[in-house]
Amino acid sequence: MFFKQDNIIKIFLMLYLIFCGGLLYWTVIYSGSGDGDTLEHVHSSWLVWCGKLPYKDFFQHHNPLLWYIGAPLVGYYEYSLRAVDAVNMLTVTVFLIMLWYIYRLHKDFLSDRLGGLIAAALCALPQESLYNKDFKPDNFMATAIIVGIYYLFCYMRDKRMLSLFISFMLFFASFMFTQKAALIVIGIGCVVLWLIKEKKVQLEDCVISGSIPLLIFAVFLAFLYYEGVLIMYIKANFELNSHIPDVFYTRRFIHPSFEMTVPILLAIYALIKNVYTGNLYIKTFALIFIIEYIIRIYYFTPFVYYFALLHALASILAGVVVSEMIKKKQWIIYLCAGYFLILGGIYANIYRQRITVGDEYKYGAAGYVLSLTNPCDYVVNGYRIGYNLFNKDIDFIWNLKGQIDVIAATIGIRPTSDLESLIRKYRPKIIYGKNYYDTYREYRGEIGVHPIHWISNHLLEEMYTPLNRDDLYILKPEYQSYDCRYNVRTKTYEYVDKH
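Residues numbered from 1 in each chain as written. Predicted model: local features only at pLDDT ≥ 70, side-chain atom pairs only at ≥ 80, totals over all residues. Heavy atoms only, no water.

**Describing the sheet that holds strand β1 (residues 430-432)**
Taken in spatial order, the three strands make up an open sheet running β1-β5-β4, and their pairing is antiparallel. Edge positions in the open sheet fall to β1 and β4 (464-466), since each of these has one partner strand only. For this sheet the average axis-to-axis angle between neighbouring strands, irrespective of direction, equals 35 degrees. (Pairing = 2+ DSSP bridges. Helix = DSSP H or I, 4+ residues; strand = E, 2+ residues; numbered from the N terminus. Axes fitted to C-alpha atoms, helices over the stretch in contact; angles between N-to-C directions.)

**A look at helix α18 (residues 419-426)**
Since the α-helix advances by 3.6 residues per turn, residues separated by three or four positions end up pointing in the same direction. Along α18, the positions that sit buried rather than exposed are L419, E420, L422 and I423. Taken end-on, α18 shows its buried residues confined to a sector of 160 degrees, consistent with a single buried face. Residues of α18 that are buried make contact with β1, β2 (436-437), β3 (451-453), α20 (457-463) and β4. R427, located one to two residues past α18, shows a positive phi value of around 50 degrees. (Buried < 20%, exposed > 50% of the residue type's maximum accessible area, 1.4 Å probe, protein only. Arc of directions from axis to C-beta. Contact = heavy atoms within 4.5 Å.)

**Focus: the layout of surface pockets**
By volume, the largest pocket amounts to about 1100 Å³. Forming the boundary of the largest pocket are 48 residues, of which D37, F303, Y305, Y306 and Q403 lie nearest the centre. Of all the elements in the fold, those that place two or more residues in the lining of the largest pocket are α2 (36-49), α6 (137-158), α8 (181-197), α10 (230-248) and α12 (280-298). It is α10 that contributes the most residues to the lining of the largest pocket, seven residues altogether. (1 Å grid on protein atoms, 1.4 Å probe; cavity = no way out; pocket = protein on both sides within 12 Å on 5 of 7 lines; lining within 4 Å. Points joined across faces, edges and corners; volume = space filled by probe spheres on them.)

**Examining the state of the cysteines**
In total, this model carries one disulfide according to the counting rule given. Through a disulfide, C376 is tied to C484; the S-S separation comes to 2.1 Å. Judged by the torsion about the S-S bond (85 degrees), the C376/C484 disulfide is right-handed. Taken together, the positions of C376 in the loop between α16 (365-372) and α17 (404-410) and C484 in strand β6 (residues 482-487) put the pair 108 residues apart, joining distant regions of the chain. Summary of cysteine pairing: C20 is not part of a disulfide, and the nearest cysteine sulfur, belonging to C123, is at 10 Å. Judged by relative accessible area, which is 2%, C20 ranks as buried. (Disulfide = S-S within 2.5 Å.)

See the structure below:
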């Protein structure tokens, strides 16, 4: 009887996982996302596609691997919202790869196939607040770490150097997706040192396997030094980001949502109940979960998507205890089925209601702005609103003005610019017509008190017309006396003045 129930729940969980993946793809196609980080990384990918060098030709405070992966897709769909769809679908695919390796971790090391399906289902929430469908470095970082752990376990089992090399390369890739991975990678390094002490991992193999990613990183730093931007890279990715937690102040930490709380609580229960008697892989995985839990709960977690890796780790550990519980109490199978059925229905209904009509609203203001501009136009992002996908920027620090440029000026990267003078110089087609405030003070309750940049009414009346959407303004026709032509030699779009 249990064998039959076991097969039924496996089929149900596989169908649920197919549903979650399909729902995420479907949402990308029909609903999209106006998330600012996604649009920021699409724009950065486009700049890379255009031959621009991060930290030299445009400012960024993340490691660059995501943009180089996204650049071919963004370039292929250049000047179209299909570019955002394409990289978001890539993100969903990468997320599904992570689910596959979550299943493999259980099947090969932690429990069994049922435990793997449960763990994958707990991680596969079709929940938009986790941004599993949005082009963010956190999603790629989480997948790289989970897959890296899998190959670390393969090495512990088989002692094959190739597995350890793949593992270390993936941990390195997680860091090259986003610098915030440094903390958990260091934590995993400490776990590896413990495994060396326990003679489960060979020091010599670690030195050989770790030398390649270290060499690649050294070459990367040498290239940045050659381009004259090594100091900029260090200050932007590490010194600047170390100040961001201070910006958020009272909202430096948030709590995970209910759906994430379930696997986290189950993971903590697994730590109490299963880890002491568990195999070496469970104990190793538990240590990594504890490290990430401490980082997320006690360091800096201002947004839900920061929980992406913790949620994945918790789901994997939860799968261990749920699998054990089902073997002892068969009725828990029906409880699991009911939980996923209700959760899937809730989110199917949420996404159904989010279907939009027309690309102008699919990705917030980005689609609207794209419909009003040509490839030669400059566009200025607004305060806490980004919409520039494929247009030129008037300033080196082009995104999150009022936050990033304020920190950059504080630590000596570059003084805050005179935004109105830049607007007069470059005549951007679309601008934000309100003030840009000091985010540091805004998060402390001083709302609308300390503007960093402001656009004068005189400039707006002279050169711009309101668009009656998102406080956006469009350049008046008399200031658009130019044609947009493609320069074959430079492979860029350029203005050609009609006069």
